[in-house]
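Chain and residue survey
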Amino acid sequence: MGGPAVSPGGALLRSSRMFSIPKPLPVSSSASTFLGEQRASATMTKAKPRHQTITSPLRSRQKGDWGLKRPLPLKTTMATTTPLLRINEVDTVENITDFQSAADHSLSLEKFQELRIPMSIPRRDGEVVSATTKKEDNLRSVFEEESDFTDVQDTSVDQRWKFKGPWLAQMADGDFLNYLNKKVRPQRVQFRALLRERLAERLTSSQNRAAVESGKPTPEPIKAEDLTEEQFSDYIRSLRNDRVTLYALVSKFLDLPPLGTPIGFAQNNLIFSDGNQATDKITESPYGKSGPPPSHPSGGIGYLRTGAFMENHAVYGPQAKKTPIQARVVSPRIGPSPAKLGVGGFVATVPVGANEFNVRSGSKFRRPLANGINNLDISTYGGAKAYIEPFTATVDPEGKVVVQVRETSPEAQLIAKEMRGLSSIYNDSELKRTIPQPEPVEELPQQELHDREVEGHAGEAELQDSRVKQVYDQMLSEEQNVLSNSSSYGLDAESSSEPPSETK
Amino acid sequence: MPPRLSILSALRASVESINSRAFSSTAAVAFPPREAPSAHPHHSTGSQQASSTNSLLSLNRPNRRSGPKDRGAGVSVAERMVSRAKERAEADLLAQQANQDLRREEQLSKAYLREMPRFWKVGDVYSPHDLSPVEMQKWRRRAERRGDIIDALGINPLDMYKNFSAIAEFTRSSGQIMHSRQTGLRPVNQRKLAKMIRRAQGMGIYPSIHKHPEMIRDRFYPPGL
């Protein structure tokens, strides 16, 4: 490879820990992160790690050698079964190395990989998954060809997760105003030039078509400079009424993450199609409703492509269900929010549907609730636990890993308990055989499921709508008033506050 | 406390004597009970009236005392009324007890949950340390503000003079404007905010020596009275 040859001293430094530890990931600077957090602990385990975890072999550890500038104290680094550290700072002004145990994230990673679940792309909007359909059918791995997108510069891919523009619905109001003023406003001239080009193209093609129909030779193509102001303002007026085209244009120009498909989008598109590929294509992005993740949709936490494999039991043979996981009921149902389960250290919601984790009134299929779902279980030592089956995980717009679980069968639970020596069902004596009757499949009310899906997104959809409108207004407003507009200098606030002070 | 139904027990006293066992042929009912039936309906043991569920379960049995078969054979209307009332009283009692148990459990759960103030969100990661009491205590305290909330919200503080909850956020209980150390605002916004609060207090729409009257209303007009 290229690059200048390094001196032996330089090579030594470069291969040392001191230099090879990457910079910590930045804290998300968005204002919305601290607006939501009213209460927090500084020492809590963060939802995602920022620092690299390092470890050291026993012989070196005994000498305090972690490959850093100075040896680390043996008292803390030797008295642990998990010698995993994160280095906050290699060297501080107090002449110490600031380190901390990284066992929390490292062991969480290990536990997650023991779950053996694939990372998948979040379900598209409107996709309702019921308990009767196989959920694997709807799952798409993040490592599939069409969505495993790693080239950040390439903006032509439809299934991207990385965009140059921000996701409008997630921004705090202050951030949004900043974005409008600093990023959107300065680009108005370029956008209007683009619109002129587009109008010229449209007019040219229509006049060419007219010429072909009347059997005349094709006239000169119309240039963007030749367009009159009146033509252009008419075009802008028509665009303002055509939200679909306008959004396609603005989002392409600013490279905004996609929106959920508006109601009637497909029909409008078919009727008013102008033959333009850019606007005609319905965005098939899975991140329309929930917003794109801040990292690759796998989050770098798991690399399994599919969970479609069958487990084999040494005695009972192939198993229909995966080995269930014992999940901790970290929180009971509080008001409208359902109970939370801790699956391998990741907090997840309880399985959807009519099962022992959901309180369902007036249902035919009422089953006794699991321990600790309705109220905190204070009698079980160590807290309430339940067997569930995780089947996939997704990365949400905040970068958190959301494990999705479903209920497991009682047989699988029994076998799992037997493996731990908690029950005994193995019986190799002669058994009387009976033909099992197929159980009636419990049907799940679709409405409730749909409500669950929708409730989280309703507010954001409205916000997104209003913000998109504001972006349009900014893009389409006249550029002449840029200099004369006092609000662009933040003067509006002061001038409006003058009258009350005069009365003092 | 079981409901004391004086009319019921009076009726029962008169009916017990007529309670003709000859109509039933089962062993349990044919023999007289070992102990005298108690005054409280929920103390009655044995197969006589275990619960409403039992009586429902035996609905189809031929030897049911108040069944249609017996009706013509001289069981008085009064007896049937009494047994029905008894059943209903027992069912009510059971339901009441179950309800009480549920409420007690709920209260206990709530009391313990107060010691675990962390509201878990989907996607949170925890390690054993996060479940410890030490860590849970930290979630009780309000996190200190780390950023400028006025910038984050993109609002003009001078317009908030009628927003009393916003003013209450930035004033003490006795009306002083909080220091920027506590509010976490940058100097520009702190000045604007202080100006707004001074104006609201000067206009007389927000008190300068105590909380807003709506906030301390309960102290003078307790909600229970």
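Residues numbered from 1 in each chain as written. Chains lettered and ligands numbered in written order. Predicted model: local features only at pLDDT ≥ 70, side-chain atom pairs only at ≥ 80, totals over all residues. Heavy atoms only, no water.

1. Quick word on the overall build of chain B
- The helix and strand inventory of chain B stands at 11 helices and zero strands.
- Counting across all 225 residues of chain B, residues that qualify as buried make up 30%.
- Excluding contacts between residues fewer than 6 apart, the proportion of contacts in chain B whose partners are at least 24 apart in sequence is 58%.
- Accessible area for chain B stands at about 15,100 Å²; split by element, carbon and sulfur atoms hold 57% of it. (Helix = DSSP H or I, 4+ residues; strand = E, 2+ residues; numbered from the N terminus. Buried < 20%, exposed > 50% of the residue type's maximum accessible area, 1.4 Å probe, protein only. Contact = heavy atoms within 4.5 Å. Areas by Shrake-Rupley, 256 points an atom, 1.4 Å probe, with all protein chains shown as cover.)

2. Quick word on the pattern of salt bridges
- Evaluation of the coordinates by the stated rule reveals 19 salt bridges over all chains.
- Residues Asp104 of chain A and Arg86 of chain A are paired through a salt bridge, measuring 2.8 Å at the closest nitrogen-oxygen approach. Of the two residues, Asp104 of chain A is situated in helix 6 (residues 103-115) and Arg86 of chain A in strand 2 (residues 85-89); the sequence distance between them amounts to 18 residues. There is no split in this pair, since Asp104 of chain A and Arg86 of chain A are both buried.
- Measuring nitrogen to oxygen at the nearest pair gives 3.2 Å for the salt bridge that ties Arg237 of chain A to Asp234 of chain A. With Arg237 of chain A and Asp234 of chain A both in helix 9 (residues 229-241) and three residues apart, the pair spans about one turn of that helix.
- Each of the salt bridges in this network shares a partner with another, and the network as a whole consists of Glu398 and Lys400 of chain A together with Arg118, Asp124 and Asp130 of chain B. (Salt bridge = Lys/Arg side-chain N within 4 Å of Asp/Glu carboxyl O.)

3. Examining the sheet that holds strand 3 (residues 98-101) of chain A
- Reading across from one edge, 1-2-3 (chain A) is the order of the three strands in this open sheet, with antiparallel pairing throughout. The open sheet has two edge strands with one neighbour each: strand 1 (53-54) and strand 3 of chain A. (Pairing = 2+ DSSP bridges.)

4. Let's talk about the UniProt feature "coiled-coil region" (unreviewed entry) in chain B
- According to UniProt, the positions carrying the feature "coiled-coil region" (unreviewed entry) are residues 88-115 of chain B.
- Measuring from the first to the last C-alpha atom of residues 88-115 of chain B gives 41 Å, for a span that is 93% helix and 0% strand. (UniProt positions renumbered as here; feature names shortened; annotations may be inferred.)

5. Considering the interface of chain A and chain B
- The partner chain B presents 40 residues to the 45 residues of chain A that form the contact.
- Taking both partners together, chain A and chain B bury about 3,700 Å²; carbon and sulfur atoms supply 59% of that area.
- Across the contact surface, chain A and chain B share one salt bridge.
- Between Asp124 of chain B and Lys400 of chain A there is a salt bridge; the shortest N-O distance is 3.2 Å.
- Along the contact surface separating chain A from chain B lie 13 residue pairs in polar contact (both at pLDDT 80 or more).
- Of the residues that constitute the side of chain A that touches chain B, the class distribution is 19 nonpolar, 15 polar and 11 charged. (Buried area = accessible area lost by both parts, 1.4 Å probe. Polar contact = N/O pair within 3.5 Å; in protein donor to acceptor, adjacent residues only side chain to side chain. Nonpolar A, V, L, I, M, F, W, Y, C, P; charged D, E, K, R; others polar.)

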